[in-house]
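# Structure assessment
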Amino acid sequence: MQLPAKHPYLNLVFPAPPSERPYVGLNMVMSVDGKITVGGQLKAGSLGSPFDRYTMSVLRHHFGAVICGGETIRRHPYYLGVSPELIPFRKARGMASQPLTVIVTNSGNLPYPAPLFEGAERPIILTSQASFQRVTQSLGPVAEVHAVGEQRVEVREALAFLREHYRISRLLLEGGPRLNYQFFKERAVDEVFLTIAPRLVGSVSDLTMVMGEDVLENLPRLELISHFQRDNELFLRYQVPRN
Ligand SMILES: NC(=O)c1ccc[n+]([C@@H]2O[C@H](COP(=O)([O-])OP(=O)(O)OC[C@H]3O[C@@H](n4cnc5c(N)ncnc54)[C@H](OP(=O)(O)O)[C@@H]3O)[C@@H](O)[C@H]2O)c1
């Protein structure tokens, strides 16, 4: 494994966050034919290489919190933290040892016990007013549950809450596509880190990176700000212009 000091993403520079919410990065891995799942899910190693998984950790180390949708967590209830050797780099930047974990769910149906719950800080669960009581009953003993939206989590309200209540100035979104869609719809993604894995999936039923009902307004046009190659894998960094 490459030493962290040599990783191209170790010393990234980020723009200042907007005043009302954290700066938001999205990180995903997809196949050459644009799929982010294989047979309906993403098993470790089925798309990305070990280096890609390490890159995920290097990216996380720049962020105050990592956020995922409930379905991604049900399928992969892993701890959303950074590798131990990255902790000193966070500390040198005045950050906590690990990013906070944030999960969006209305069902409250998350696997427990699971590594996800084993960090030093309890995960933050964002849910709706309508689901708050039920989710608090199931997850309240092991997580911090907050309602941000009436029937569903409202992305803008959630982001303002994370900024104000938890002082999160940079948030890393790690999917899945249904949650990604809502962030894009609310124009709440500032940049995209995308790994293109040298694989073809082929099935019509597998998911793509952003999935919702309608075409996104104005087909957001991304600006490629960096790229590097490692073996047959391509690592792209895009900026999403704010307007
Ligand atoms: N290749 C990659 O980089 C990558 C990355 C991440 C995920 N994935 C894959 O993506 C798949 C999952 O993606 P997905 O799009 O089906 O699901 P998802 O976005 O991970 O999660 C959807 C779930 O999140 C909760 N949710 C989303 N928006 C909400 C809102 N506004 N209010 C309340 N709850 C909300 C709901 O959870 P409840 O049902 O609990 O209410 C909903 O069912 C998995 O197979 C995973 O492996 C791939």
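Predicted model only: the values in this text are computed from it and were never measured.

### With respect to the overall build of the protein chain
In terms of helices and strands, the protein chain carries six helices and nine strands. By the compact-globule yardstick of 18 Å for 243 residues, the protein chain fits well, its C-alpha radius of gyration being 17 Å. By principal-axis analysis of the C-alpha atoms, the protein chain measures approximately 50 × 45 × 40 Å. By the burial criterion, 40% of the 243 residues in the protein chain qualify as buried. Across the protein chain, contacts joining residues at least 24 apart in sequence account for 69% of those joining residues at least 6 apart.

### Section: the pairing of strand β2 (residues 65–69)
Burial analysis of β2 places five of its five residues in the buried class, which makes it a mostly covered element. The side-chain alternation of β2 yields two buried faces, one formed by A65, I67 and G69 and the other by V66 and C68. Inspection of the sheet shows β2 paired to strand β3 (residues 100–104) by five bridges, in the parallel sense. Each bridged residue has a counterpart across the sheet, and for V66 the counterpart in β3 is T101. Relative to strand β6 (residues 170–173), β2 runs parallel, the two sharing three bridges. Bridge pairing in β6 links V66 to L172.

### Some points on the sheet that holds strand β7 (residues 191–197)
In space, the nine strands of this open sheet follow the order β5-β4-β3-β2-β6-β1-β7-β9-β8, with mixed pairing throughout. Two strands lie at the open edges of the sheet, namely β5 (144–147) and β8 (223–230), each paired on one side alone. Sheet twist, expressed as the average angle between the axes of neighbouring strands with direction ignored, equals 20°. Taken together, the four bridges between strand β4 (residues 124–127) and β5 define a ladder with parallel strand orientation. Among the inter-strand pairings, I125 is bridged to a residue of β5, identified as V145.

### Details of the nonpolar core
Among the nonpolar cores identified, the biggest contains 58 residues, and A65, V102 and L171 are the most heavily contacted of them. Ranked by residues supplied to this core, first place goes to strand β1 (residues 23–31) with six residues. Setting aside residues up to four positions removed in sequence, L171 forms contacts with P22, V24, F63, G64, A65, I67 and L162.

### Thoughts on the site of the ligand
Taken together, 31 residues are adjacent to the ligand, and G69, G70, E71, G175 and G176 come closest. When contributions to the shell around the ligand are tallied by element, the ones reaching two or more residues are β1, β2, α2 (70–75) and α6 (177–185). Residue composition of the shell around the ligand, grouped by class: 13 nonpolar, 13 polar and five charged.

### Topic: helix α5 (residues 155–166)
Counted at 1.5 Å a residue, the expected span for α5 with its twelve residues is 16 Å, and the 16 Å between its end C-alpha atoms agrees. When α5 is considered as a whole, its buried residues turn out to be V155, A158, L159, F161, L162 and R163. Close packing links the buried residues of α5 with β2, β3, β4, β5, β6 and α6. Residue R167 follows α5 closely and has a positive phi angle near 55°.

### Things to note about unusual backbone geometry
For the peptide bond that leads from Y112 to P113, omega is 0°, which places it in the cis range. Relative to the elements of secondary structure, P113 occurs in the loop between β3 and β4. With omega at -5°, the peptide bond leading from G175 into G176 counts as cis. Here G176 is to be found in the loop between β6 and α6. In the Ramachandran plot, R167 falls in the positive-phi region, its phi being about 55° despite a non-glycine side chain. With respect to the helices and strands, R167 occurs in the loop between α5 and β6.

Procedures and definitions
Residues numbered from 1 in each chain as written. Predicted model: local features only at pLDDT ≥ 70, side-chain atom pairs only at ≥ 80, totals over all residues. Helix = DSSP H or I, 4+ residues; strand = E, 2+ residues; numbered from the N terminus. Rg over C-alpha atoms; globule rule 2.2 N^0.38 Å. Buried ≥ 20, exposed ≤ 12 C-beta atoms within 10 Å, placed from the backbone. Contact = placed C-beta atoms within 7 Å. Pairing = 2+ DSSP bridges. Axes fitted to C-alpha atoms, helices over the stretch in contact; angles between N-to-C directions. Core = buried A, V, L, I, M, F, W, Y, C linked by C-beta atoms within 7 Å. Near = placed C-beta within 6 Å. Nonpolar A, V, L, I, M, F, W, Y, C, P; charged D, E, K, R; others polar. Expected span 1.5 Å × (residues − 1).

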